[in-house]
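Per-entry structural report
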Amino acid sequence: MNAPLLNEDRRDALQEITNIGMGRAGDSIARIFNEFVELSVPRILTVEGLQLADKVAEMVGCKDVSGVRQAFHGQLRGEALVIYNHQHCNQLAELFGYEPESVSGSESELLLDVTNALVGACLGGMAEQFRIDIGFSAPALMGEHGAVTDLLRVEQIETKQVLFVEVNFKLERHSFSCHLIILMSDAQIAMVERAIDAFIERF
C-alpha cells in the first residue's frame, strides 16, 4: 500500500487553503450569477489512479452526467474536472442569458463557459493563498449524457496516486449543482508540500 501523499498537518492546511480560496471564489461566482452560492466542505483524498473513476462516481451519485476538463500549469500543474448532473444543465441557459430555444444546440458551449468561470475563480483563489502564479489551458469537453466511468477511462490514467480535492457547488435559487475536482499527480507532491509549508510559516 502506498504511503499518503500528505501528512495530517499538511492535509489540514491544504483544506484550510481550499476553504479560503473557495470562499473567495464563491463570492466571485455569486456576482457572476447574481445568486448565493453554497459550497461543501472540501474533501482532500489520496486516490489510487485505477480507482479514480469509481471514487468520482461515488461522490457525484448520479449516472447521467456531462464533464469538462481544464488543465492548469505553472508552479503547480494538474487538471480540474467539473462534473455536471445532466438534469440540471438546462438551468445554465437562464444563468448565462441564453434563449430557451437555443439551449439544445448550445449545451456544450454552456458547459465550457461555466467550467471556465468556476475553475478560473477557484484555482485562482487557491493560487492567491499559495502566492504563486498559475495559467490555464482552454477547457475541453470530456463527454455528455454518460456515466462517470465512461468519462474517466482508467486505462488513460498513468499516475499511481493522485491528490484529489473535491468541492460541490450549489446555487440557492436554481436546481443546479456541480462537482469541481482538482487532480494533481504524485509527481507534484514536493511542490505542493513546499507551497503548504510556506503558507503555514506566514501564520
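A brief look at the structure comes next. (Residues numbered from 1 in each chain as written. Predicted model: local features only at pLDDT ≥ 70, side-chain atom pairs only at ≥ 80, totals over all residues. Heavy atoms only, no water.)

Points about the pattern of salt bridges
Counted under the stated rule, the structure contains five salt bridges. Among the ionic pairs, glutamate 193 bridges to arginine 10, the shortest N-O distance being 3.2 Å. Pair noted here: glutamate 193 is in helix H6 (residues 189-201) and arginine 10 is in helix H1 (residues 8-33), with a separation of 183 residues, a long-range link. Neither glutamate 193 nor arginine 10 differs from the other in exposure class; each is buried. A salt bridge links glutamate 166 to arginine 43, with the nearest nitrogen and oxygen atoms 2.9 Å apart. Here the residue glutamate 166 occupies a position in strand S7 (residues 161-171), and arginine 43 occupies one in strand S2 (residues 43-48), the gap between them amounting to 123 residues. For arginine 43, a relative accessible area of 37% translates into the label partly exposed. (Salt bridge = Lys/Arg side-chain N within 4 Å of Asp/Glu carboxyl O. Helix = DSSP H or I, 4+ residues; strand = E, 2+ residues; numbered from the N terminus. Buried < 20%, exposed > 50% of the residue type's maximum accessible area, 1.4 Å probe, protein only.)

Details of the pairing of strand S3 (residues 65-74)
Summarising the sheet, S3 and strand S4 (residues 78-85) pair through eight bridges and their orientation is antiparallel. If you follow alanine 71 over to S4, its bridge partner there is glutamate 79. Counting the residues between successive antiparallel strands, the hairpin from S3 to S4 contains three residues. As defined by bridge partners, S3 adjoins strand S6 (residues 140-146) across four bridges and the pair is classed as antiparallel. Counted as the bridge partner of valine 65 is glycine 146 from S6. (Pairing = 2+ DSSP bridges.)

A word on the environment of leucine 76
Tracing the chain through its elements places leucine 76 in the loop between S3 and S4. Taking relative accessible area as the criterion, leucine 76 reaches 6% and is therefore assigned buried. Along the primary structure leucine 76 and isoleucine 132 are separated by 56 residues, whereas in three dimensions their C-alpha atoms are 8.2 Å apart. When residues no more than four places from it in sequence are discounted, the contact partners of leucine 76 are Phe130, Ile132, Ile134, Met184, Gln188, Met191 and Val192. (Contact = heavy atoms within 4.5 Å.)

Quick word on empty space enclosed by the protein
Scanning all chains against the criterion turns up two cavities of 30 Å³ or more. As for the largest cavity, its lining consists of Phe72, Leu76, Leu123, Met126, Ala127, Phe130, Ile132, Ile134, Ile182 and Met184. Mapped by element, the contributors of at least two residues to the lining of the largest cavity are helix H4 (103-130) and strand S8 (177-185). By residue number, the principal contributor to the lining of the largest cavity is H4, which donates four residues. Tallied by class, residues from the lining of the largest cavity come to ten nonpolar, no polar and no charged. Roughly 40 Å³ of internal volume is contained in the second largest cavity. Taken together, Ile29, Phe33, Val37, Leu118, Phe169, Leu171, Phe176 and Cys178 form the lining of the second largest cavity. If you list the elements that add at least two residues to the lining of the second largest cavity, you get H1 and S7. Class assignment of the residues belonging to the lining of the second largest cavity gives a composition of eight nonpolar, no polar and no charged. (1 Å grid on protein atoms, 1.4 Å probe; cavity = no way out; pocket = protein on both sides within 12 Å on 5 of 7 lines; lining within 4 Å. Points joined across faces, edges and corners; volume = space filled by probe spheres on them. Nonpolar A, V, L, I, M, F, W, Y, C, P; charged D, E, K, R; others polar.)

So, the side chain of serine 66
Mapped onto the secondary structure, serine 66 falls in strand S3. Its relative accessible area of 0% is what places serine 66 among the buried residues. Residues contacting serine 66, with those up to four places away along its chain left out, are Val82, Ile83, Tyr84, His86, Glu107, Leu111, Gly143, Glu144, His145 and Leu151.

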